[in-house]
Amino acid sequence: MDKAMILVIDGCAPEYLTRETAPDIYKLADEYGFAKIVKSAIPSVTNVNHACILSGKFPEDTKMVGNYFYNPETKEEGFIEEKGFMKAETILQAYKKEGKKTAFLTVKGKVLGVYGEGVDIGISVQTPDKAILDQLGLDMPPKVQDHSSTEWIMKAALACVKKENPDFVYCTTNDFVFHHFGPETSEAKAQIRYINYFINEINKADPDRRIYITADHGMNQKTKLINFQHMADNKNLNLYCLPPLKDRYVENHIYQEGGIIYVFLDKNQNPEEFLKLAKSVPEIEKIMTNTEAAKEFHLPADRIGDYVLFAAESCAFGEVEGERLETNDVRTHGSLYERNVPLITIHPEKEEEAYNYSKDIAALAMNL
Ligand SMILES: [Zn+2]
């Protein structure tokens, strides 16, 4: 396997990464690769897509269906933050098998915890290892939500390539800024400017390295939030709503708001009563049974509840106080509308037509 780097810009809808905001990256893509839009896996949330991008497989194989898990048999639930949940082989492990050196750089610490097992160099803004930082000549990182965390992690990636020259580098950011700022804002543009600068530097330092830049999911403004759990409770329905986006990074999404939920019906709950309610809610655009969703989106049927609900474009499910909240302050993801992500390549493994999903980067590199 050739020397490569995958950069996953967290929450980078295609509108953020343009010829205007990232001129050097596009120049390199024009000369040595391509730029196109591909699809993320559904749900369009972080954990699900890191699993797919790292393994080249769909969630039916990775078994990662969210940032949070729920077991309807045992009623056990919790955050997915450590190893053991991911069931597919990662590209990091594939490189290791060939005796090659790997590096994993992330702003969100949990990503390293869940996927970074066995990497040679692991760098996390959230849980920095001083010895590694000293080795690479890096200062201590800022806070995870700090706007400069993107600059820091990109700088770390450059230092890593220059000093350690790993065969494979996986680098990812935090979507805090994009959750709060749209593509037209100077705050969002500054994020891309850092990425543009450091990718150009990484290319200069190691011109033959394959570089893939993509995102785990997009990001859109949402003006209506609904609490479907409260709606169901108010109708005395017995069900449990699991938002796959739910995580500990509440600064990013204070209501755990996202465009999709899994609904687990209690054994004694009549599905017709649930369907009657779900169909009456205008903010819900699509209702899929477990079987339909598993088939269409390659999801593991045993982990996504009995039904999967998708919000309309300007709406999201959220843990708001009442049943509904209207807002101008929410940008989030999770639905079918945040499925498009950029894919920009420099020296890609295959030609443009071979890439349809972000997971295809690893699938093609690993010859799956
Ligand atoms: Zn994300």
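Residues numbered from 1 in each chain as written. Predicted model: local features only at pLDDT ≥ 70, side-chain atom pairs only at ≥ 80, totals over all residues. Heavy atoms only, no water.

Participant: How should the sheet that holds strand β13 (residues 307-311) be read in this particular structure?
Facilitator: Sheets are built from strands that pair by backbone hydrogen bonding, the pairs being arranged parallel or antiparallel. Taken in spatial order, the four strands make up an open sheet running β10-β11-β13-β12, and their pairing is antiparallel. One side of each edge strand has no neighbouring strand; the edge strands of this open sheet are β10 (239-242) and β12 (284-289). Taking the axes of each pair of neighbouring strands and ignoring which way they run, one obtains an average angle of 25 degrees across the sheet. Two strands pair when backbone bridges link them, and β10 and strand β11 (residues 260-265) are joined in this way by four bridges, in the antiparallel orientation. By the bridge assignment, Tyr240 is partnered in β11 with Phe264. Contacts from helix α11 (residues 271-280) reach β10, β11, β12 and β13 within the one sheet, and its direction differs from that of β13 by about 5 degrees. Across the sheet, helix α12 (residues 290-297) lies against β12 and β13, angled at about 95 degrees from β12, the strand it touches most. (Pairing = 2+ DSSP bridges. Helix = DSSP H or I, 4+ residues; strand = E, 2+ residues; numbered from the N terminus. Axes fitted to C-alpha atoms, helices over the stretch in contact; angles between N-to-C directions. Contact = heavy atoms within 4.5 Å.)

Participant: How should I be thinking about the pairing of strand β8 (residues 210-215) in this particular structure?
Facilitator: Where a strand is regular, its side chains alternate between the two sheet faces. Burial of β8 is extensive: six of the six residues sit out of reach of the surface. Note that strand β1 (residues 4-9) and β8 share six bridges and pair parallel. Bridging across to β8, Ile9 finds its partner in Ala215. Summarising the sheet, β8 and strand β16 (residues 340-346) pair through four bridges and their orientation is antiparallel. If you follow Ile213 over to β16, its bridge partner there is Ile344. (Buried < 20%, exposed > 50% of the residue type's maximum accessible area, 1.4 Å probe, protein only.)

Participant: Is there a simple way to think about the pattern of salt bridges in this case?
Facilitator: Side chains that differ in sign of charge can pair as their charged atoms come close. One pass over the full model with this rule turns up 20 salt bridges. With its nearest N and O atoms 3.4 Å apart, the salt bridge here joins Glu349 to Arg210. Taken as a pair, Glu349 in the loop between β16 and α13 (360-365) and Arg210 in strand β8 lie far apart in primary sequence, 139 residues in all. Relative accessible area serves as the criterion here: at 29%, Glu349 is assigned to the partly exposed category. We note a salt bridge from Lys359 to Asp360, for which the minimum N-O separation is 3.2 Å. The pair Lys359 / Asp360 is uniform in exposure class, with both members buried. Sharing partners across several salt bridges, the network here consists of Asp2, Arg210 and Glu349. (Salt bridge = Lys/Arg side-chain N within 4 Å of Asp/Glu carboxyl O.)

Participant: Please explain the domain arrangement of the protein chain as it appears in this structure.
Facilitator: Note on interface size: it is often stated as the accessible area lost on association of the parts. For the protein chain, the assigned domains are domain 1 (4-218 + 339-365) and domain 2 (220-332). In this structure, domain 1 and domain 2 have C-alpha centres spaced 27 Å apart. Each partner contributes residues to the interface: domain 1 has 36 residues there, and domain 2 has 26 residues. For the domain 1 face of the interface with domain 2, the top three residues by lost area are Val65, Tyr70 and His179, together amounting to 22%. For the interface between domain 1 and domain 2, the tally reads zero salt bridges. Broken down by secondary-structure element, the contributors of at least two residues to the side of domain 1 that touches domain 2 are α3 (59-62), β3 (68-71), β4 (76-79), α5 (109-115) and α8 (176-180). In terms of residues, the side of domain 1 that touches domain 2 owes the most to one element, α8, which gives four residues. (Domains from an automatic or database assignment. Buried area = accessible area lost by both parts, 1.4 Å probe.)

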